[in-house]
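# Fold and geometry: a report
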Amino acid sequence: MSEEGYGAYDPSAPEGSDQAHSQYVTKKDVRVILVVIAVLTACCYPVFKMLERNAQRSVCATNLKAVSSAIGQYAEMHDERFPPIMRTGPNNEPDLGTSGFPYTWASDVADLMSKRASFRCPTATDEEVTRVETHGGSMPITYGMYQPYGGYLRTIVPNPDQTVLVAETSNMGANNTYDPLPYKTIDGKTVPFDGFVIGWSNTNADPTSASTYITRLAFADTSKANFDTADKPRHDGGIHALNCSGAMMRFLLKPSDARVRMSRDLPGGLWEAPPMSAGQR
């Protein structure tokens with residue numbers, strides 16, 4: 001058969017002739033390839049984002065387990081007491097001291113934390129992050145301790161398995177989280193750090209019978225206390241929390257869990273707050 005026979009390459013042949021045997025990719029082929037790539041990308045992106053969210057949620061849970069271990073070690077070294085919430089200024093606000101950052105419960109247990117863990121959830125945005133003082137400078141934190149148990153004897157918590165001690169929080173109402181009472185100095189200036197502590201709707205001190213919601217939890221778009229209709233927790237399904245026994249809560253907290261359930265004029269259930277006494281604090 002001659003070289004000009006069937007299937008031979010002819011460089012002078014116009015584009016599109018004998019396409020079934022062309023050695024080149026045509027414009028139509030390129031368009032088809034691009035469409036296929038676009039479809040595959042659109043299909044795979046949600047899967048990738050889901051895997052990313054699951055990985056971040058797993059890291060956050062690992063962080064909180066390390067926080068639990070550090071708090072437990074602290075209690076063993078300090079007469080079975082949880083670390084104090086913070087050092088305070090003259091108006092019971094976080095004392096920023098010379099470092100410019102508050103010294104908090106997390107500051108006390110930071111040196112006891114696993115080096116592989118962090119006080120920051122990888123899902124949290126930069127705006128949600130609080131910074132607290134450490135012995136070597138400062139560190140980011142997106143977890144808060146429930147106010148009534150700061151400095152409290154862990155051995156006499158009434159219902160430790162059902163009561164929240166630490167949960168995921170947001171600083172200064174970032175992402176429209178619920179934070180109606182930012183701390184203020186004695187001269188009325190707002191302190192720019194509060195995400196390390198969980199408080200109540202009407203007080204940053206001790207709860208009252210008028211306390212209705214828990215503050216600073218990482219539930220976006222709840223700034224108007226619309227917890228019953230909110231659907232944007234930090235993770236799919238809710239936020240992580242530790243109980244007073246030092247274990248992860250059996251379920252993720254949902255926005256509706258921010259509602260205070262009163263028991264004998266004090267918060268009960270997840271947010272049980274026992275009567276305070278000098279022997280307990």
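So, here's what we can say about the structure. In this text, all values refer to a predicted model and were calculated from it rather than measured experimentally. (Residues numbered from 1 in each chain as written. Predicted model: local features only at pLDDT ≥ 70, side-chain atom pairs only at ≥ 80, totals over all residues. Heavy atoms only, no water.)

## Some points on unusual backbone geometry
Quick note on the threshold: Only runs of H or I of at least four residues qualify as helices and only runs of E of at least two qualify as strands under DSSP, and these elements are numbered from the N terminus. A simple rule labels every residue: compare its accessible area, found with a 1.4 Å probe on the protein chains alone, to the largest value its type can have, and call it buried under 20%, exposed over 50%, or partly exposed in between.
Unlike most non-glycine residues, Arg216 shows phi in positive territory, near 70°. One can find Arg216 in the loop between strand E5 (197–198) and strand E6 (241–243). A positive phi angle is found at Ala225, which is not glycine, with a value near 60°. Residue Ala225 is classed as buried on the basis of its relative accessible area of 18%.

## Description of the sheet that holds strand E4 (residues 164–168)
Applied cut-off: In this scheme, strands are said to pair when DSSP sees at least two bridges between them.
Across the sheet, four strands lie side by side as E5-E3-E4-E6; this open sheet has mixed pairing. Where the open sheet ends on each side, the last strands, each with one partner, are E5 and E6. In terms of strand pairing, E4 meets E6 through three bridges, oriented antiparallel. Counted as the bridge partner of Val166 is Leu242 from E6.

## Considering the layout of surface pockets
For the record, the criterion: Both cavities and pockets are sets of points on a 1 Å grid over the protein atoms alone; in a cavity a 1.4 Å probe fits but cannot get out, in a pocket the set is open with protein on both sides within 12 Å along at least five of seven lines, and lining residues sit with an atom within 4 Å of a point. Grid points are joined across faces, edges and corners, and a volume is the space filled by probe spheres set on the points. For this classification, Asp, Glu, Lys and Arg are treated as charged, while Ala, Val, Leu, Ile, Met, Phe, Trp, Tyr, Cys and Pro are nonpolar and the rest, including Gly, are polar.
Considering only enclosed or pocket space, the second largest pocket measures out at about 300 Å³ in volume. Lining the second largest pocket are 16 residues, and of these Met86, Asn92, Gln147, Tyr183 and Asn204 sit closest to its centre. Partitioning the lining of the second largest pocket into residue classes produces six nonpolar, seven polar and three charged.

## Observations regarding the pattern of salt bridges
Pairing between side chains of opposite charge can happen when the charged atoms of each approach one another. For clarity, the cut-off: Within this document, salt bridges are pairs made up of a side-chain nitrogen of Lys or Arg and a carboxyl oxygen of Asp or Glu, the two lying within 4 Å of each other.
Scanning the model with the defined rule gives eight salt bridges in all. A salt bridge links Asp126 to Arg120, with the nearest nitrogen and oxygen atoms 2.8 Å apart. Taking relative accessible area as the criterion, Asp126 reaches 57% and is therefore assigned exposed. With a shortest N-O distance of 3.2 Å, Asp194 and Arg216 are connected by a salt bridge. Note that Asp194 is positioned in the loop between E4 and E5 and Arg216 in the loop between E5 and E6, a separation of 22 residues in sequence.

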